[in-house]
Amino acid sequence: MKKLKSVLLLFAGFLAINGCILSEPGILEDSKYITIMTWNVHNLFDGKDDGYEYSEFLQSSGWSLEKYMGRINSISAAIDRLEVYPDILILQEIESLQVLEDLEFALKRNFSWSHFVNNPESAIGVGILSRFPITEVMAHSVTVHKDTAPRPVLEARIQTGNGDFIIFACHWKSKIGGDDVTESVRKASTRVILRRIRELQKDEPQTGVIVAGDLNLNYDEFYRRGSNVVCALIPDDPLCIKLTNIEKDAQRDYVVINGSKPPVPVHFPEETIVLYSPWINELKNGSYFYRNSWETIDHFLVSGHFFNKSLWLYEKTIVINFEPFANFDGIPVPYNPRTGNGLSDHLPLLLTLKFVNGD
């Protein structure tokens, strides 16, 4: 097995990234569609104790290799039942690269490239499985004021026979500890992504980007918090102009989102980085059901490159809100380590790109 390793340290953080080529295929030259799934799979720990697991996933609490493999089989069986099969899987809350490899082995289709990243001594990390070559990876550790984000941002270059694009696989800091208190760490993760997007705009203006994962922010977070807090995600709304003071200060730590195709600034200055959010006009309800209310914390944020009818064109995003990912009412069923029932407390999102050859 050929090992690939790449590390990029940003700010004061440390991280571990590893990956592998699971087989030696070529580029999928004839692909006309690419489907990408992002899914927080809810504490997918392997069967051995490493010292950093959550208490309910220790062998002393009854966790075992058999229960772990049961989860692998349940998750892979659910994915295998999808009518539209994903080409790229972006997973949050997994323990290790071994989990990715075990999942790949259980799936009915081959995902030939995998990468995993986490912080040292952390319980969970972020991973990606891809049927397309991942030719470059960078792991961005994020620290602000001595507070390090629990997970790095995993940047992966996806190579296709019809052009490359970049995925930022994310699991931003949760709101545990307070919405406003934890916002600075989520905004620090945003700064990394904005910096890389600007570098790509300069060096590779033709390369599109997709931000994917559990961002622990709703697409309408700004309104939910009284329309007076600049979050890491804010709408393209004139209410935000004064709060951001963007006429004087450059866009540093927030991504502007809108539902325009392509996502160009409507109320913000022309140079503002704006990404398309499917939640604004396409999707309903949410991907996470918390205290009897829907939240939209799982995201695809898409750059304008995928709307200009050259190479890969954005087609649609759906929430996978049907069995076995959800119950009869479309609500996710969290995994219960005691009974083995359920899959995850999050629903997956599935995004489709179509190759249009400039037509």
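From a predicted model like this one, the values you see are computed outputs, not experimental measurements.

1. Overview of the confidence of the model for the protein
Stage number 1. When pLDDT is averaged along the protein, the result is 89, and 90% of the positions lie at 70 or above.
Stage number 2. Across residues 1-16, confidence stays below pLDDT 50; counting only partners more than four residues off in sequence or on other chains, it has 51 contacts.

2. Let's talk about the pattern of salt bridges
Stage number 1. Under the counting rule described, the total for this entry stands at 16 salt bridges.
Stage number 2. Linking E204 and R157 is a salt bridge whose minimum nitrogen-to-oxygen distance equals 2.7 Å. With E204 in the loop between α3 (179-203) and β12 (208-214) and R157 in strand β10 (residues 153-158), this residue pair connects regions lying 47 residues apart in the sequence. Each member of the pair, E204 together with R157, is buried.
Stage number 3. The residue R196 makes a salt bridge to E199 at a minimum N-O spacing of 2.5 Å.

3. Topic: the pairing of β10
Stage number 1. Counting buried positions over the 6 residues of β10 gives 6, a clear majority of the element.
Stage number 2. Side-chain alternation along β10 places V153, E155 and R157 on one buried face and L154, A156 and I158 on a second face that is also buried.
Stage number 3. As paired elements, β10 and strand β11 (residues 165-171) share 5 bridges and run antiparallel to each other. Directly across from L154, in β11, lies its bridge partner A169.
Stage number 4. With antiparallel pairing between neighbouring strands as the criterion, β10 and β11 make up a hairpin whose turn holds 6 residues, including G163 at a positive phi of roughly 115 degrees.

4. Let's talk about unusual backbone geometry
Most peptide bonds take the trans configuration, and most residues that are not glycine carry a negative phi.
Stage number 1. The amide bond that connects K261 to the next residue, P262, takes the cis arrangement and shows omega of 0 degrees.
Stage number 2. With an omega of 5 degrees, the peptide bond running from E323 to P324 counts as cis.
Stage number 3. You can see P324 is positioned in the loop between β19 (312-319) and β20 (349-355).
Stage number 4. Although it is not a glycine, H42 adopts a positive phi angle of roughly 70 degrees.
Stage number 5. As for its placement among the helices and strands, H42 is situated in strand β3 (residues 33-44).
Stage number 6. On the basis of relative accessible area, H42 is assigned to the buried category, the value being 14%.
Stage number 7. One non-glycine residue, N43, lies in positive phi territory at about 55 degrees.
Stage number 8. Within the secondary structure, N43 is located in strand β3.

5. What about the pairing of β12?
Stage number 1. In terms of residue burial, β12 counts as a mostly covered element, since 7 of its 7 residues are buried.
Stage number 2. Relative to β12, β11 runs parallel, the two being bridged by 7 bridges. Paired with A169 across the strands is A212, a residue of β12.
Stage number 3. In this fold, β11 hands off to α3, which returns the chain to β12; that crossover is right-handed.
Stage number 4. Inspection of the sheet shows β12 paired to strand β18 (residues 298-302) by 5 bridges, in the antiparallel sense. Following the sheet pairing, I210 is matched in β18 by V302.

6. Focus on the nonpolar core
Burial of nonpolar side chains together is a common tendency in soluble globular proteins.
Stage number 1. Membership of the largest hydrophobic core comes to 68 residues, with the highest contact counts inside it found for I36, F165 and L353.
Stage number 2. No other element matches β3, which puts 6 residues into this core.
Stage number 3. Ignoring any residue separated from it by four or fewer positions in sequence, one finds L353 in contact with K32, Y33, I34, I36, F165, I210, F306, W312, L313 and Y314.

Rules behind the numbers
Residues numbered from 1 in each chain as written. Predicted model: local features only at pLDDT ≥ 70, side-chain atom pairs only at ≥ 80, totals over all residues. Heavy atoms only, no water. pLDDT = per-residue confidence, 0-100. Contact = heavy atoms within 4.5 Å. Salt bridge = Lys/Arg side-chain N within 4 Å of Asp/Glu carboxyl O. Helix = DSSP H or I, 4+ residues; strand = E, 2+ residues; numbered from the N terminus. Buried < 20%, exposed > 50% of the residue type's maximum accessible area, 1.4 Å probe, protein only. Pairing = 2+ DSSP bridges. Right-handed = clockwise from strand over helix to strand, strands pointing away. Core = buried A, V, L, I, M, F, W, Y, C linked by side-chain atoms within 4.5 Å.

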